[in-house]
Amino acid sequence: MAKFHYRMQSILNITQQMEMQARMEYAAAQEKLRRASEYMAKLREERAGYMEEGSKMRRSELNVIKMRENTRIIEQTDERIKAQETVIAEAERGLNDARTRLQEVMTQRKTHEKLRDKAFEEFMQDEKSKEGREVDELVSYKYGQRIKAAADERRKRAGTAQI
């Protein structure tokens with residue numbers, strides 16, 4: 001039996017490599033979003049702590065300097081939260097882009113795999129038909145040999161009967 005060789009195997013290999021690359025990019029984008037979200041949670045906890053501290057200061061003795069400092073820190077934390085929201089939005093866009101690219105590359109790979117499978121099926125059909133023809137030729141040859149042997153045998157009998 002002949003060996004199957006897919007003529008576009010190199011293209012399939014490249015699409016598989018591209019898929020691996022896209023998977024790694026997607027994982028990196030997920031990690032970036034996860035880190036940004038964790039940092040945002042940390043900032044919000046920090047802000048909540050400063051807010052709690054500010055409310056305690058307002059209930060106890062009034063120290064204007066500490067209250068202003070607390071308010072300034074809360075405002076700075078709010079600014080960092082807004083900046084982090086931008087970072088998260090950018091990370092989400094990056095994740096969506098990476099997901100889209102991964103889906104496209106996976107579609108390409110699946111398409112090439114289907115083409116390879118179809119080519120393999122055609123190859124197998126060709127091999128079966130070649131094998132069938134070879135069997136037919138062998139059967140025809142053996143049948144012809146039997147007929148020839150039977151005819152030779154009749155001639156020999158006919159030739160010995162004449163002597």
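What you are looking at is a predicted structure, and each value in this text was computed from that prediction instead of being measured.

Help me get a handle on the overall build of the chain, residues and values and all.
Looking only at helices and strands, the chain features two helices and zero strands. Taking 15 Å as the expected radius of gyration for a compact globule of 163 residues, we find that the chain reaches 40 Å, considerably beyond that expectation. Residue pairs at least 24 apart in sequence account for 87% of intrachain contacts in the chain once pairs closer than 6 positions are excluded. Counting every atom, the chain has about 12900 Å² of accessible surface; 53% of that belongs to carbon and sulfur. Side chains of the chain give 35 positive and 30 negative charges; the mean places of these two sets differ by 5 Å.

Quick one: what's the story with the nonpolar core, residue by residue and with numbers?
Residues Tyr 26, Leu 33, Ile 88 and Leu 95 are the most contacted members of the largest nonpolar core, which totals 13 residues. Contributions of two or more residues to this core are made by helix 1 (9-59) and helix 2 (64-162). Not counting chain neighbours up to four residues away, the residues in contact with Ile 88 comprise Leu 33, Ala 36, Ser 37 and Met 40.

Can you lay out the environment of Gly 144 for me, pointing to particular residues and giving the numbers?
Residue position: Gly 144 is located in helix 2. A residue is classified by how much of its surface remains accessible, and Gly 144, at 34% relative accessible area, is partly exposed. Separated by 111 residues in sequence, Gly 144 and Leu 33 place their C-alpha atoms 78 Å apart.

Describe in detail helix 1, supporting the description with residues and values.
Spanning 51 residues, helix 1 covers 75 Å between terminal C-alpha atoms, matching the ideal 75 Å at 1.5 Å per step. All buried positions along helix 1 are accounted for by Leu 12, Thr 15, Glu 19, Ala 22, Tyr 26, Ala 29, Leu 33, Ala 36, Met 40, Leu 43, Gly 54 and Met 57.

With reference to specific residues and values, describe a negative patch on the surface.
Together, Glu 131, Glu 134, Asp 136 and Glu 137 make up a region of like negative charge exposed at the surface. By the secondary structure assignment, Glu 134 is in helix 2.

Can you lay out the packing of aromatic side chains for me, pointing to particular residues and giving the numbers?
Overall, the coordinates contain three aromatic pairs when judged by the stated rule. Each residue in the set Phe 4, Phe 120 and Phe 123 is aromatic and connected to the rest through ring pairs, giving one cluster.

Break down the environment of Asp 97 for me, citing the residues and quoting the values.
With respect to the helices and strands, Asp 97 occurs in helix 2. Asp 97 sits in the exposed class, given a relative accessible area of 55%. It is 64 Å that separates the C-alpha atoms of Asp 97 and Ser 140, two residues lying 43 residues apart in sequence.

Can you tell me about the side chain of Arg 109, naming the residues and giving the values?
Relative to the helices and strands, Arg 109 resides in helix 2. Residues within four places of Arg 109 in sequence aside, it is in contact with Leu 12, Thr 15, Gln 16 and Glu 19.

Talk me through the pattern of salt bridges; I want residue IDs and the actual numbers.
Across all of its chains, the model carries 15 salt bridges by this definition. A salt bridge links Glu 85 to Arg 44, with the shortest nitrogen-to-oxygen separation between them at 3.6 Å. Of this pair, Glu 85 sits in helix 2 while Arg 44 sits in helix 1, placing them 41 residues apart in sequence. Judged by its relative accessible area of 38%, Glu 85 falls in the partly exposed class. For Asp 152, the salt bridge identified is with Arg 155, shortest N-O distance 3.0 Å. Note that Asp 152 and Arg 155 are positioned in helix 2 at a spacing of three residues, about one turn of the helix. We classify Asp 152 as partly exposed; its relative accessible area is 30%. Residue Arg 155 is classed as exposed on the basis of its relative accessible area, which comes to 59%. If you follow the salt bridges from partner to partner, you end up with Glu 19, Arg 23, Arg 109 and Glu 113 in one network.

Criteria and thresholds
- Residues numbered from 1 in each chain as written.
- Predicted model: local features only at pLDDT ≥ 70, side-chain atom pairs only at ≥ 80, totals over all residues.
- Heavy atoms only, no water.
- Helix = DSSP H or I, 4+ residues; strand = E, 2+ residues; numbered from the N terminus.
- Rg over C-alpha atoms; globule rule 2.2 N^0.38 Å.
- Contact = heavy atoms within 4.5 Å.
- Areas by Shrake-Rupley, 256 points an atom, 1.4 Å probe, with all protein chains shown as cover.
- Lys, Arg positive; Asp, Glu negative; His and termini not counted.
- Charge placed at Lys NZ, Arg CZ, Asp CG, Glu CD.
- Core = buried A, V, L, I, M, F, W, Y, C linked by side-chain atoms within 4.5 Å.
- Buried < 20%, exposed > 50% of the residue type's maximum accessible area, 1.4 Å probe, protein only.
- Expected span 1.5 Å × (residues − 1).
- Patch = residues over 30% accessible without salt bridge, like charges linked within 9 Å, V, L, I, M, F, W, Y side chains within 5 Å.
- Salt bridge = Lys/Arg side-chain N within 4 Å of Asp/Glu carboxyl O.
- Phe/Tyr/Trp six-rings, centres within 6.5 Å; stacked < 30°, edge-to-face > 60°.

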